[in-house]
Amino acid sequence: MIFEGTDYRNAYILAPEDINLKGLKSFDDIKFGDYRFYYSKIQDAVIYQHNDDLIILTGYCFDIRDSHLTEAQVLENLYETDDVPRELEYINGRYFVIIHKNGMTRVYSDASQLRPLVYHQDSRIIASHDELISSVLKNNGYQLHKRSEFNHNELDFTRFEEIFKFNPSLALDMDRFTFSRIYPRIALEEKSASETFKEMRKYLDNSIQWLKNNHQYKFLSLTGGIDSRVSAALTREISNDVEFMTYTKSREKLKTELSRLIYTTDDKVTRQLKENMVWNHTIFNLDEFTPSKKFTEYNQHILYSNHSFNLANYYKNERKFDHALHIKSTVFGLGKADFPAELDDSRDSYDFYQKCIHGLSVAFRKLYTVKDEAPKYFERNLVSEGVTLNRHYFDLFHLESRMGNWHSALTLETDPETDEFIFTNSRKMLDLIQQPALQEKRDFELFKIIIDHYWPILLHFGINKYHELGLEFMKDMRETVELKKNVAVNYNPNDLIQDETKGERYIQPFGDKVYAYKNYDLVFSCDDGKTKTVMLKTTYSNQSGRGRIKVTIRGHEIFEEHDVLDMNNGVSFDLGDSPIMINITYDKDYKNTSWQSAARIFYSIQ
């Protein structure tokens, strides 16, 4: 689709009839009610029509209860049901549907909105690209404001102050242009990992069958983490028709030591898999596929994400993919309890929800505050106290913002070269992976059961423990200090300050005040394969402060909690080939800066 000379590729826009779109080219369109839907000629669209009613499916979908249903039959079932949100709980894929029935028009998306939508409230327009809406609105007399020179996909932000991301857990009434929440709908009941697997197995089997019947070229992105190992196990029956793909980066080009550790460990694990598994496995270096300046500038103009233009260049110009089916594992995070330990005691309050907000960039923190923006985000996205219905708000936010905005937006970087497929991308499956108890999720019990059932040999290869710390989204916001050869400490300089006094290194919270909701963390790592001993020591000794500052030591097969007062004589732990995270948490907010030095931790390597 082209608008005023700019090719937005596989784009779409739903707009009122009175919006001027004369500069639009290379599109098909369909009118219903007061709206017209414009979509690219290369866009997949299925239309179900009954008299004056119609349903438009943009993208692909399938029913996890019956893999043999065609998309037309899925749409017919949606038309006939009295409860569309309930029916959609079982519909996986990368899609959104526009349902025009009885003179009313509503829009729904897949569970994590793999086919992205952004909206402008006043004009009642929704579209694939924020820049497309911006250009159309400028031609229609609207004035928009850029947030900054940076890309923004935090919360429900786009690059424009007046354009927001459509939350995948909401439905949109186009006639009134108001949202309603369709997920969560029922209270979640905790069940064991084994019970959960029995319940989900039929849905996994149907998804595998759908893949068998699908004729697109298929590839699976494989890392050293548990998530992609689950996806790989589920493709055993079709593994001869799947290319397993791992990308690496040149060590010297990675921004932080933590980034280097994640990629280095992934490289070791995935090469073990390549050498021992009889499958088609491609490992390539992304740095060898740097795109041209023209390619980069073009994508920077039309997109509000910049996850990896190198990868987009590889898919488009090296592999020449055209709607290849990319089997991904990004939504699996909801089944791992990835939140820090201080959030374990889940509560249904706005204060707690605010503490669960994560994935905010350095640029966001320079321009905005969570305190100011969180209430507005909650209001726009119909987040009320109790919205979780026994789920953890960290996971719900992860679905609706990190997946529903950050990940959703980046799918356009490789569209139309790839379509995304995720085994758990239906609301029913999302509920199932959240059912097990907290510790079972942290131990990956459900995921291990799935692997053991479908392809047990994959359990015999190592799991990248760096993924277990849940730091992938933070790796580009952090700094690293090399303590000695092959040993480093990694931290966020916005939260912690690292310094030295009398020859002793220390780290402590940084800022005008300290906050109970903040996660002050540092990560020790060692990459030479030799075990070191790390000694931590504090100097704060005022017993009236007992219970106010907690220090947690967390890593593979280690979890310790200490009051800062109990560390005056030192606490040590072994540092091997898995990283160790240290968390400093406060019982409440403190304005006096003396509380920063109270949490000062001296450290040494032996």
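Everything numeric in this text was worked out from a predicted model, so none of it was measured.

Asks: Looking at this model, I keep getting lost on the overall build of the protein chain. Mind explaining?
Replies: When its secondary structure is counted, the protein chain shows 17 helices and 31 strands. Its C-alpha atoms give the protein chain a radius of gyration of 25 Å, within 12% of the compact-globule value 25 Å for 606 residues. Referenced to the eigenvectors of the C-alpha coordinate spread, the extents of the protein chain come out at roughly 80 × 55 × 50 Å. By the burial criterion, 60% of the 606 residues in the protein chain qualify as buried. Accessible surface, the protein chain: about 24,600 Å² in total, of which carbon and sulfur atoms supply 43%. Across the protein chain, the 77 positively charged side chains and the 93 negatively charged ones have centroids separated by 3 Å.

Asks: When you look at the packing of aromatic side chains in this model, what are you seeing that I'm missing?
Replies: Given two aromatic rings, their pairing is described by the distance between the two centres and the angle made by the two planes. Per the stated rule, a full pass over the model turns up 48 aromatic pairs. Centroid distance Phe284 to Phe289: 6.0 Å. Interplanar angle 80 degrees. Geometry classified as edge-to-face. Residue classification places Phe289 among the buried positions, given a relative accessible area of 15%. Relative to Phe321, the ring of Tyr315 lies with its centre 5.6 Å away and its plane at 40 degrees, an arrangement referred to as tilted. We classify Phe321 as buried; its relative accessible area is 10%. In textbook terms, an aromatic cluster arises when at least three aromatic residues are bridged by ring pairs, as seen for Tyr217, Phe219, Tyr247, Phe284, Phe289, Tyr314, Tyr315 and Phe321.

Asks: What's the story with helix α8 (residues 309-318) in this structure? I'm lost.
Replies: Since the α-helix turns once every 3.6 residues, residues separated by three or four places project in the same direction. Counting buried residues in α8 gives seven out of ten residues, a clear majority hidden from the surface. Within α8, burial applies to Phe309, Asn310, Leu311, Ala312, Asn313, Tyr314 and Tyr315. Buried residues in α8 make contact with β16 (218-221), β17 (242-248), β18 (280-285), α7 (293-302), β19 (324-328) and β20 (418-422).

Asks: Would you mind going over the sheet that holds strand β15 (residues 178-181) with me for this structure?
Replies: Adjacent strands of a sheet form backbone hydrogen bonds with each other and so pair up, either parallel or antiparallel. Ordered in space as β7-β8-β9-β10-β14-β15, the six strands form an open sheet in which the pairing is antiparallel. Only two strands of the sheet have a single partner each, and these edge strands are β7 (45-50) and β15. Geometrically, the sheet is characterised by an average inter-axis angle of 20 degrees between neighbouring strands, direction not taken into account.

Asks: Mind showing me how you'd approach the packing of helix α4 (residues 193-213) against helix α13 (residues 427-434) here?
Replies: How two helices sit against one another is set out by the angle between their axes and by the gap between those axes. The N-to-C vectors of α4 and α13 enclose an angle of 155 degrees; their axes lie 10 Å apart at closest approach. With respect to α13, the element α4 is oriented roughly antiparallel. Between α4 and α13 lies a crossing of left-handed hand. On α13, the residues touching Thr196, Glu199, Met200, Tyr203 and Leu204 of α4 are Lys428, Met429, Leu432 and Ile433.

Asks: Mind showing me how you'd approach the confidence of the model for the protein chain here?
Replies: Low-pLDDT stretches of the model should not have their predicted coordinates read in fine detail. Averaged over every residue, the pLDDT of the protein chain is 91; residues scoring 70 or more account for 95%. The low-confidence segment residues 470-476, where pLDDT is below 50, has 16 contacts with residues more than four positions distant or belonging to other chains.

Asks: Can you walk me through the pairing of strand β14 (residues 170-173) in this structure?
Replies: In summary, the side chains of a regular strand alternate between the two faces of the sheet. Residues of β14 alternate between two faces, with Leu170 and Leu172 on one and Ala171 and Asp173 on the opposite face, all of them buried. In the sheet, strand β10 (residues 104-109) pairs with β14 via two bridges, with the strands oriented antiparallel. What sits directly across from Val107, in β14, is Leu172. Bridge count between β14 and β15: four bridges; the pairing is antiparallel. The partner of Leu170 across the bridge, within β15, is Arg181. Where β14 hands over to β15, the hairpin turn is made up of four residues, of which Phe177 adopts a positive phi near 50 degrees.

Asks: Whenever I open this one, the sheet that holds strand β25 (residues 520-526) confuses me. Can you help?
Replies: Ordered by their spatial adjacency, six strands build an open sheet running β21-β22-β25-β30-β27-β28, and the pairing between neighbours is antiparallel. Edge strands, defined here as strands with exactly one partner in the open sheet, are β21 (479-484) and β28 (558-563). Averaged over all adjacent pairs, the angle separating strand axes in this sheet is 20 degrees, with direction ignored.

Calculation rules
- Here the residue index of a chain counts from 1 through its sequence in written order.
- Confidence filtering applies because this is a predicted model: local features only for residues at pLDDT of at least 70, side-chain atom pairs given and counted only at 80 or more, and all residues used for totals across whole chains, interfaces and linings.
- Note that the side-chain values use all heavy atoms of the structure and ignore hydrogens as well as water.
- A run of DSSP states H or I qualifies as a helix once it reaches four residues; a run of E qualifies as a strand once it reaches two. Both are numbered from the N-terminal end.
- For a compact globule the rule gives 2.2 Å times the number of residues to the power 0.38, and the radius of gyration it is set against comes from C-alpha atoms.
- To sort residues, take the accessible area from a 1.4 Å probe on protein chains only and compare it with the maximum for the residue type: under 20% means buried, over 50% means exposed, and anything in between is partly exposed.
- Each accessible area is a Shrake-Rupley estimate made with a 1.4 Å probe; only the visible protein chains count as cover when residues are assessed.
- The charged-residue count follows a simple rule in which Lys and Arg add positive charge and Asp and Glu add negative charge, with His and chain termini not counted at all.
- One atom stands in for each charge, and that atom is NZ of Lys, CZ of Arg, CG of Asp or CD of Glu.
- Within 6.5 Å between ring centres, the rings of Phe, Tyr and Trp (the latter by its six-membered ring) count as paired, and their orientation is classed by plane angle as stacked under 30 degrees, edge-to-face over 60, tilted in between.
- Throughout, a residue-residue contact means that at least one pair of heavy atoms, one from each residue, lies within 4.5 Å.
- In this scheme, strands are said to pair when DSSP sees at least two bridges between them.
- The axes are straight lines fitted to the C-alpha atoms, using for helices just the contacting stretch, and the angles between their N-to-C directions are given from 0 to 180°.
- To sort the angles, those under 35 degrees are grouped as roughly parallel, those over 145 as roughly antiparallel, those from 65 to 115 as roughly perpendicular, and the leftovers as oblique.
- Working rule for handedness: look at the near helix, and if it is turned counterclockwise from the far one by less than a right angle, call the crossing left-handed; if clockwise, right-handed.
- Known as pLDDT, the predictor's confidence for each residue is given on a scale from 0 to 100.

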